[in-house]
Amino acid sequence: MTEAILLVGGKGTRLRPLTVHTPKPMVRAAGVPFLTHQLARARAAGVEHIVLATSYLAEVFEPYFGDGSALGLHLEYVTEEEPLGTGGAIRNVASRLCSGPDEPVLIFNGDILTGLDIQALVDTHQSSGADVSLHLTKVSDPRAYGLVPTDGTGRVLAFLEKPQTPEEIVTDQINAGAYVFRRSVIDAIPAGRPVSVERETFPELLAAGAHLQGMVDSTYWLDLGTPAAFVRGSADLVLGRAPSPAVPGRCGDRLVLPTAQVAPDAKLTGGTVVGEGAFVARGARVFGSTILPGAVIEPGAVITDSLIGARARVGTRSVLTGTVIGDGAVVGPDNELRDGARVWCDARIPAGAVRFSSDQ
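Nothing here was measured: the structure is a model prediction, and the numbers come from that model.

### Section: the environment of Val286
Line of reasoning, step 1. Among the structural elements, Val286 can be located in strand 19 (residues 285-287).
Line of reasoning, step 2. When the C-alpha atoms of Val286 and Val274 are compared, they prove to be 9.7 Å apart, with 12 residues separating the residues in sequence.
Line of reasoning, step 3. If near-sequence neighbours (up to four positions away) are discounted, Val286 is found in contact with Lys267, Leu268, Thr269, Thr272, Val280, Ile291 and Ile303.

### Remarks on the nonpolar core
Line of reasoning, step 1. Ranked by size, the top nonpolar core spans 29 residues in total, and within it Ile5, Leu134, Phe181, Ile186, Phe202 and Leu212 carry the most contacts.
Line of reasoning, step 2. In contact with Phe202, other than residues within four places in its own chain, are Val132, Leu134, Phe159, Asn175, Tyr179, Phe181, Val197 and Leu212.

### Topic: the packing of aromatic side chains
Line of reasoning, step 1. Evaluation of the coordinates by the stated rule reveals seven aromatic pairs.
Line of reasoning, step 2. Both rings, one in Tyr179 and one in Phe202, keep their centres 5.2 Å apart while their planes meet at 75°; by these two values the pair is edge-to-face. Taken together, the residues span a long stretch of sequence, with Tyr179 in strand 11 (residues 173-182) and Phe202 in helix 6 (residues 197-207) at a distance of 23 residues. In this structure, Tyr179 and Phe202 share a single accessibility class: buried.
Line of reasoning, step 3. An angle of 35° between the planes, with centres 5.9 Å apart, marks the rings of Phe181 and Phe202 as tilted. Of this pair, Phe181 sits in strand 11 while Phe202 sits in helix 6, and the two are 21 residues apart along the sequence.
Line of reasoning, step 4. Looking at Phe181, the relative accessible area reads 0%, which means it is buried.
Line of reasoning, step 5. Three or more aromatic residues joined by ring pairs make a cluster, and in this case those are Phe159, Tyr179, Phe181 and Phe202.

### Structural notes on the domain arrangement of the protein chain
Line of reasoning, step 1. The domain architecture assigned to the protein chain consists of domain 1 (2-223) and domain 2 (253-349).
Line of reasoning, step 2. Using only C-alpha atoms to locate each centre, domain 1 and domain 2 end up separated by 33 Å.
Line of reasoning, step 3. Counting residues at the interface gives 10 residues for domain 1 and 15 residues for domain 2.
Line of reasoning, step 4. Surface buried jointly by domain 1 and domain 2 totals about 1000 Å² across both partners, of which 66% is contributed by carbon and sulfur atoms.
Line of reasoning, step 5. Contact with domain 2 buries surface across domain 1, with Pro17, Leu18 and Arg28 losing the most and accounting together for 50% of the total.
Line of reasoning, step 6. Linking domain 1 with domain 2 are one salt bridge, by the criterion used here.
Line of reasoning, step 7. Across the pair Arg28 and Glu276 runs a salt bridge whose closest N-O atoms are separated by 3.4 Å.
Line of reasoning, step 8. Our count for the contact surface shared by domain 1 and domain 2 stands at three residue pairs in polar contact (both at pLDDT 80 or more).

### A closer look at helix 1 (residues 34-44)
Line of reasoning, step 1. The buried count for helix 1 comes to nine of 11 residues, which makes it a mostly enclosed element.
Line of reasoning, step 2. Of the positions making up helix 1, those classed as buried are Phe34, Leu35, Thr36, His37, Gln38, Leu39, Ala40, Arg41 and Ala42.
Line of reasoning, step 3. Directly beyond the C-terminal end of helix 1, a positive phi value near 105° is found at Gly46.

### Side note on the sheet that holds strand 28 (residues 336-337)
Line of reasoning, step 1. Ordered by their spatial adjacency, five strands build an open sheet running 16-19-22-25-28, and the pairing between neighbours is parallel. One side of each edge strand has no neighbouring strand; the edge strands of this open sheet are strand 16 (267-269) and strand 28.
Line of reasoning, step 2. One ladder, built from three bridges, connects strand 19 with strand 22 (residues 302-304); its direction is parallel. Among the inter-strand pairings, Val286 is bridged to a residue of strand 22, identified as Ile303.

Reading the values: the criteria
Residues numbered from 1 in each chain as written. Predicted model: local features only at pLDDT ≥ 70, side-chain atom pairs only at ≥ 80, totals over all residues. Heavy atoms only, no water. Helix = DSSP H or I, 4+ residues; strand = E, 2+ residues; numbered from the N terminus. Contact = heavy atoms within 4.5 Å. Core = buried A, V, L, I, M, F, W, Y, C linked by side-chain atoms within 4.5 Å. Buried < 20%, exposed > 50% of the residue type's maximum accessible area, 1.4 Å probe, protein only. Phe/Tyr/Trp six-rings, centres within 6.5 Å; stacked < 30°, edge-to-face > 60°. Domains from an automatic or database assignment. Buried area = accessible area lost by both parts, 1.4 Å probe. Salt bridge = Lys/Arg side-chain N within 4 Å of Asp/Glu carboxyl O. Polar contact = N/O pair within 3.5 Å; in protein donor to acceptor, adjacent residues only side chain to side chain. Pairing = 2+ DSSP bridges.

Listed below in C-alpha cells is the structure:
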C-alpha cells in the first residue's frame, strides 16, 4: 500500500471569508496548513506516493509542498479545468497512479480531521476482497450525512442520502470520507464529466453486485466544513485530542509559533494557536481560538472560539465569541461580535460600532 489520492479541489464556500484567498486545505490548523496533517498521517501509515486533485486556487499547493520530499513523500498535482465532483476528480488523476488493476489505492477527502487507523482500513479491504472499502463512523444525529447500513460482516447494503424522517434513519453509520479503491474500479469511472462517488459510483457498484465493505472506526472524526468546526479542529489538534505528527510543538493548552509575541499577562487557553509574527497584547484573553500570522490582538480584548485572519487587528476591549475575522480586517475598540459573525477581508468596523450590551 504505497499510494493515495487527496481530493483538495473544493471552494470551501461554507468557510468564507477564510477561503477568499486560501483554499480550504491550506487554511492553518494548529499552526500549519490543514493538508499537512493529512499528508503526515498518510506517510506514518506507510503511504509514499500521493496525487493531489486540485481545482480552486490550485496554484498555491505546489509552491508550499513541492515534491513532498520534506515530508518523506512523492507528491504530484493534477488540476481540474472544470469541477468534476468527487468521482470525476478521482478518475481525472488515474493516469498518475502506479498501482496495478487489483492493487489498493487510498482516497481521502481534504476537509476531514480523523484519527482513523489507516492501515486497519487497508487490511480490511484486502482481507475482505472488496472492490471498495469505506471508513464509516457513528454519529448521534445522522440527518446531515449519507447513511451506510451494513450487514453482520460489514458488507455495505445501501447508500441513503441525508434522511429527512425518523423512519429513514435506519443506522447511525455514515460515510466518513476515506476509502480504499481497487485500482480497476477507478479506471471504470466515466472520464471527462462530473461524477459523484456518493450519489453515482457507489450506488451503481452496489446495483451491479460489486463488493463494498464498510469498516466502522469511531475514533476522533470531524468535518471541518464550517468555521466553528475548523476552529474546534485546530484546538483539538493542539490539545492532543486529534492525533497528528505534524503539530509543530508539544500538545497542550496553547501553541505559540516562532516570532509570535505574547504579553506576559495575556492568557491563552483551550488549544489556542498564535501564528508567526502575530502579537497578543497585555491583558488579552484568548480561549480555543486561532490567531493567524501577523494578526494583532490589542490590550484587554477577549476572544473565544474564534479565528482571526492573517494581518487582522482586534481592538482594545473588544469581545469576540464564535467569530471569523477575515484577512486584513480591523475590528475597532469596544466592539462585541457573537456566534456566527463573519467580518470580510480588509473590512473595517469603527470603535464601538457593534454591540450586544450597553456601552456603560
